[in-house]
Amino acid sequence: MTTENSSRTSTVPETDSEEYSSVNPATDMIDCKLSRRDFVKTVGYFTGAGALGLQLISVETIVECAPLEFSASAHTVELTVNGLVHKLTMDTRVTLLDALREYLKLTGTKKGCDHGQCGACTVLVNGRRINSCLSLAVTHQGDQITTIEGLSGGEELHPLQTAFIEHDGFQCGYCTPGQICSAVALLEEARRGDASFVTPDLAHTGRVELTPEEIRERMSGNVCRCGAYPGIVQAVQTASRTL
Amino acid sequence: MNTIGKPISRVDGKLKVTGSARYSAEFDMPGLCYAVLVQSTIPAGRIAGMDDSLARKAAGVLAVLTPENAQRLPGAEKRLSLLQDNQVYYNGQPVAVVVAEKLEEAHHAASLIKIRYSVSAPKLDFVAGFPSSHPGNHNGEPGDMSWGDVDGALKDSDIKIDQVYTTPIHHHNPMEPHAAIAQWNGDELTVHESAQDISGHRAKLAKLFGVQESNVRLICLFVGGGFGCKGPLWSHVPLAAMAARQVNRPVKIVLERPQMFGPVGARPRTHQRLTVGATREGKLTAIRHEVHAHTSVIEDYLESSAFPTRVMYGCPNVSTIHRIVDLNLGTPTYTRAPGVATGTYALEVAMDELAYKLNMDPLQLRLLNYTENDPQTKLPFTGKHLRDCYTRAAERFGWSNRTREPRSMRDGSQLIGWGVATETYPANRRPASALVRFKPDGRVLVATGTHEIGNGIYTIMIQTAADALNVSPDLIDAQLGDTALPPAPITAGSMTVASVTPAIQTAAERVRTRLLQMAVADSGSPVHDASVDEVDFKDGLIFRKLSPNRSEKLGDFIARNGGQPIEGIAHVEPDETLKQKFASHSFGAVFAEVSVDPDLGPTRVRRVTAVYDVGKVLNEKTARSQFIGGIVWGIGLALHEDSHMDARTGRIVNENLADYHVPVNADIGEIDVSAIDIADTHLNPLGARGIGEIGITGTAAAVANAIYHATGKRIRDLPITPQKLIA
Ligand code: FES
Ligand code: FES
């Protein structure tokens, strides 16, 4: 074998120099069926790949743990979404986002990253904005969940929805439901006086003035790859004046 | 009607703000199950063994596709990873697919697959690959092109700039991940795919699976962003179709965000050496633009960074050279303004360096080297109003208040810098078809197999038809994103509007003529026996021009004439001889103001002003968003975006949206965009050149030049991060 990095073989001399076993990183903690030979190879791989102590530790953990058979457990939860109660029996691993999209077919809420890094999945839970991809559905028994589908009253759009159209606060539209849900909560946060990183006077109480700078800061958890940010800021500002 | 140019709100706006716009992963059908990709964890070698026994036994699993058991596809190309052999060409290559009843089950089972690899030495060192690099071409245009005597002119030039500019790997990262739902019905395949080229994907899928093109249908009503990565067909789509065939059920595959950093394209890394010669007065005498960019070991893709250098300035001696370096990485592809975004960064920073060496205003230098003709072919442009862009943008920005010296402008503790750059993008147009239909309910349908990707094409289609038919836009519906409709080209290269609108106009003309012919022949019509020239159709009414009060409604006319829709279909080809007579490019001027914290290094782009010459603007509102979106990308290119490759494993380390930085709202200051708005009717009847990409070109250079002006530091390696500025 030829590699740029010889540490793979030198660190683990007994490794079969031709072959490396690779475990999908996601399995590391639960796959306990590695043979001794596999384990050595895995160490070899990770040593070469990362040479980070952290990775080695996690690999060793594999060997020490007892075989773990994962069995998903089903759980029944009542989700209140946009005022309607849905009784769902689900795998406990289902996120609130997947429950909305894949089980309730409320596909207005979007998945952009599934890791709390983009805001596309923003919904309101008891009036607060959250990333629904970071929350397990079964933990929401009794919560009031509002999604983009619940913001407009029939034909009547929410003022933020109207303002997004008017100021063209989107292009492809994929981040838009998350942006709008986020903005709904933002307006409420500003109304009750929550400070942000750019709020000049933290001692100030009462409604925060939503300057473009405040809006930009408070909307920065919602990525828009189309770059519709100036329109988003204008839309939020317009809606903040009418609400 | 006169709707073209108006700032009409998007007709699909309501669908988008209410969450009712249906993206490709959002279609439900009986029996739908989920597929998850398993990817390689080595950059080169082969799969020595795969143990999928645990995965097969896991709850809910319907199938595991591996190189051992996957359907053989004789027409499979090497560029796709369709489990046809054991070879591994890059880290992150699809090597297995797990299909299960539920997403969670597929995901878990995918994590149970154990793979043994035999590793070969990967090619991952970009610079070390220069000696074995090879030439290439971009869209059929040769990578190498020169005129004059560059070496001689460089030797004789009074002033010379010779610098290397580098740009990193970028990943497109549209907010909507790649997604496909594949379903077989006998030999018929239907795929809902997030795609920028449904016709192209249909042809490829038909070939792969050995069925007629007419047996394959691609549907894509909305694309949640693409920026190039949804142009080519990638492995996950045929894999979903293979899985669907195997389990005999519809299969949905949605890539996870980390999976968007390898198997679905990237903007390749570039290394650009620019050698520029000029007279003491600032006249360019020679430019050599030498580009190295990477591709994969399975497919050539050329990042054409030196192409803009062929059109930007009047210069008698120019040499543009591209070399491709094969690496064990996923194949790169078109990324918003491919070649031009990276190339204008290098060229326009070199121009700034030259201006400083000449002690000349950088805008002045550009005006001095302005060219009225294509510098290579000497052909006139179909329209060029760049001089107006410079003047208007400079005025709006307040450029005359700039002090030339670096570090000469401040705001409190912050260093302020102003920079300028020229923008350009070629005008493209391809054949397209469209249909316009008068429906029995009195409404009008306009349809073509193009893609709504944020470009606002639903709205533009309706505006085009409204004006062509003299009908209110409220009476018109638009349909797109379906291979069952007349085909349109790939939505890329800023060519959708230029290609599709002429087809709509012609189809509209045809259906209108047809209607009027039918009306004058119809004894029950108030226009019976008139000549077609004497009658008109406007706002849903058919009438005699001389007596407009005696009219008939379109719906009534159709009802009386058998109740069948009346249709016009057109296929329109661009005039191929145009290229022999003209060069056709869009241009623009962009100015940026940055502030830099001198102690900590972060840069903020406070404001950007740009003025574009893009021919006729068809919708002021959506155009503005297109320009702004491009500028936001330019800011990301300048300051944020950078895919870090692990030099040993060829894996992108920051394969997520927390570590791969794209601009967020707080990164974007004031953006002031406008257009000269002079129609370029050489290219198409409406005179529109397309605007999706020009905004990113030049912007990174304007920001980089502003940073130099603010700090006196010339960073030639993007992105310009705080650590580079305080180093
Ligand atoms: S999908 Fe939840 S934050 Fe990105
Ligand atoms: S509108 Fe496309 S990502 Fe925001």
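With respect to the overall build of chain A
A count of helical and extended segments in chain A gives eight helices and six strands. Looking at the 243 residues of chain A, the share that counts as buried comes to 55%. The long-range share in chain A, meaning contacts at least 24 apart out of those at least 6 apart in sequence, stands at 53%.

Focus: empty space enclosed by the protein
With a probe scaled to a water molecule rolled over the atoms, the places where space remains empty come into view. All names here are of chain B. As enumerated under the stated definition, the model contains five cavities of 30 Å³ or more in all. What lines the largest cavity is a set of 19 residues, and nearest its centre among them are His-171, Phe-261, Gly-262, Gly-330 and Ile-652. Residues belonging to the lining of the largest cavity are distributed by class as follows: seven nonpolar, ten polar and two charged.

Comments concerning the packing of aromatic side chains
All names here are of chain B. Under the criterion given, the structure shown has 18 aromatic pairs over all chains. Seen in terms of ring centroids, Trp-184 and Phe-209 are 5.3 Å apart; in terms of plane orientation they differ by 75°. Their pairing is edge-to-face. Of this pair, Trp-184 sits in strand S11 (residues 179-185) while Phe-209 is found in helix H5 (residues 198-209), placing the two residues 25 residues apart along the sequence. As far as burial versus exposure is concerned, Trp-184 and Phe-209 are alike and both buried. Each ring, one from Phe-227 and one from Trp-633, has its centre 4.6 Å from the other, and the planes form 45°; the classification is tilted.

Examining the packing of helix H14 (residues 620-639) of chain B against helix H15 (residues 699-711) of chain B
Residue and element names in this part refer to chain B. At their nearest, the axes of H14 and H15 sit 7 Å apart, and the two run at 50° to each other. Here H15 runs oblique to H14, going by the angle between their axes. The crossing of H14 and H15 is right-handed. When H14 is examined against H15, the residues Ile-631, Gly-634, Ile-635, Leu-637, Ala-638 and Leu-639 are found in contact with a partner set consisting of Thr-699, Ala-700, Val-703 and Ile-707. For the contact of H14 with H15, the per-class residue count stands at eight nonpolar, two polar and no charged.

Some thoughts on the confidence of the model for chain B
Scored by pLDDT, chain B comes out at a mean of 96, with 100% of its residues at no less than 70. Listed scores for the predicted complex are pTM 0.93 and ipTM 0.97.

Concerning the nonpolar core
In summary, soluble globular proteins display a tendency toward joint burial of nonpolar side chains. Counting 227 residues, the largest nonpolar core has Val-99 and Phe-438 of chain B as the members making the most contacts within it. Of all hydrophobic cores here, the second largest spans 25 residues; its members include Ile-42, Val-95, Ala-109 and Val-119 of chain B.

A word on the domain arrangement of chain B
Residues and elements named next belong to chain B. Taken as a whole, chain B is organised into domain 1 (24-121 + 175-225 + 230-260), domain 2 (357-428 + 580-726) and domain 3 (430-573). Taking only C-alpha atoms into account, the centre of domain 1 sits 40 Å from that of domain 3. On the domain 3 side, the residues contacting the 16 residues of domain 1 number 15 residues. In total, about 1200 Å² of surface goes out of reach between domain 1 and domain 3, with carbon and sulfur atoms giving 52% of it. A per-residue breakdown of the area domain 1 buries against domain 3 is headed by Gln-196, Ile-198 and Leu-221, which together make up 38% of the total. For the pair domain 1 and domain 3, the number of links is one salt bridge. Here Asp-482 makes a salt bridge to Arg-217, at a shortest N to O gap of 2.5 Å. At the level of elements, H5 and strand S13 (216-219) are the ones that each hand at least two residues to the side of domain 1 that touches domain 3. Per-element tally for the side of domain 1 that touches domain 3: the top contributor is S13, with four residues.

Things to note about helix H8 (residues 229-242) of chain A
Taking 1.5 Å per residue, 14 residues should reach 20 Å; H8 of chain A reaches 20 Å between its end C-alpha atoms and fits that length. Within H8 of chain A, the full set of buried residues consists of Tyr-229, Pro-230, Gly-231, Ile-232, Val-233, Ala-235, Val-236, Gln-237, Ala-239 and Ser-240 of chain A. Residues of H8 of chain A that are buried sit in contact with helix H5 (159-166), helix H6 (176-191) and helix H7 (212-218) of chain A together with H14 and strand S29 (668-675) of chain B.

Regarding unusual backbone geometry
Residue and element names in this part refer to chain B. Residue Pro-719 follows Leu-718 across a cis peptide bond; omega there is -5°. Counting through the fold element by element, Pro-719 comes out in the loop between H15 and helix H16 (722-726). Even without being glycine, Asn-139 reaches a positive phi, approximately 50°. Tracing the chain through its elements places Asn-139 in the loop between strand S7 (137-138) and strand S8 (141-142). Phi angles above zero are rare outside glycine, and Ala-337 is one such case at about 55°. For Ala-337, a relative accessible area of 0% translates into the label buried.

Remarks on the packing of H5 of chain A against H8 of chain A
Two packed helices can be described by the angle between their axes and the distance between those axes. Residues and elements named next belong to chain A. Remark: H5 packs on H8, axes separated minimally by 8 Å, with the N-to-C direction vectors making an angle of 140°. Between H5 and H8, the angle is such that the two are oblique. Between H5 and H8 the crossing geometry is right-handed. Mapping the contact onto sequence places Pro-159, Leu-160, Ala-163 and Phe-164 in H5 and Ile-232, Ala-235, Val-236, Thr-238, Ala-239 and Thr-242 in H8.

Some thoughts on the side chain of Glu-655 of chain B
Within the fold, Glu-655 of chain B resides in the loop between H14 and S29. Classification of Glu-655 of chain B as buried rests on a relative accessible area of 16%.

Quick notes on the interface of chain B and chain A
Listed as interface residues are 80 residues of chain B and, on the opposing side, 72 residues of chain A. Summed over both sides, the interface of chain B with chain A buries roughly 6300 Å², with 53% coming from carbon and sulfur. Across the pair Lys-110 of chain A and Glu-26 of chain B runs a salt bridge whose closest N-O atoms are separated by 2.9 Å. The tally of links from chain B across to chain A stands at 26 residue pairs in polar contact (both at pLDDT 80 or more).

Observations regarding the pattern of salt bridges
Opposite charge on two side chains makes pairing possible when the charged atoms of those side chains draw close. A full pass over the atoms with the stated rule returns 49 salt bridges over all chains. When the shortest N-O distance is used, the salt bridge between Glu-166 of chain A and Lys-621 of chain B registers 3.9 Å. Here the residue Glu-166 of chain A occupies a position in helix H5, and Lys-621 of chain B occupies one in helix H14, the pair thus bridging two chains. Judged by its relative accessible area of 13%, Lys-621 of chain B is buried. Asp-677 of chain B is the salt-bridge partner of Lys-616 of chain B, the closest N and O atoms lying 3.6 Å from each other.

The rules behind each value
Residues numbered from 1 in each chain as written. Chains lettered and ligands numbered in written order. Predicted model: local features only at pLDDT ≥ 70, side-chain atom pairs only at ≥ 80, totals over all residues. Heavy atoms only, no water. Helix = DSSP H or I, 4+ residues; strand = E, 2+ residues; numbered from the N terminus. Buried < 20%, exposed > 50% of the residue type's maximum accessible area, 1.4 Å probe, protein only. Contact = heavy atoms within 4.5 Å. 1 Å grid on protein atoms, 1.4 Å probe; cavity = no way out; pocket = protein on both sides within 12 Å on 5 of 7 lines; lining within 4 Å. Points joined across faces, edges and corners; volume = space filled by probe spheres on them. Nonpolar A, V, L, I, M, F, W, Y, C, P; charged D, E, K, R; others polar. Phe/Tyr/Trp six-rings, centres within 6.5 Å; stacked < 30°, edge-to-face > 60°. Axes fitted to C-alpha atoms, helices over the stretch in contact; angles between N-to-C directions. Parallel < 35°, antiparallel > 145°, perpendicular 65-115°, else oblique. Left-handed = near helix turned anticlockwise from the far one by under 90°. pLDDT = per-residue confidence, 0-100. Core = buried A, V, L, I, M, F, W, Y, C linked by side-chain atoms within 4.5 Å. Domains from an automatic or database assignment. Buried area = accessible area lost by both parts, 1.4 Å probe. Salt bridge = Lys/Arg side-chain N within 4 Å of Asp/Glu carboxyl O. Expected span 1.5 Å × (residues − 1). Polar contact = N/O pair within 3.5 Å; in protein donor to acceptor, adjacent residues only side chain to side chain.

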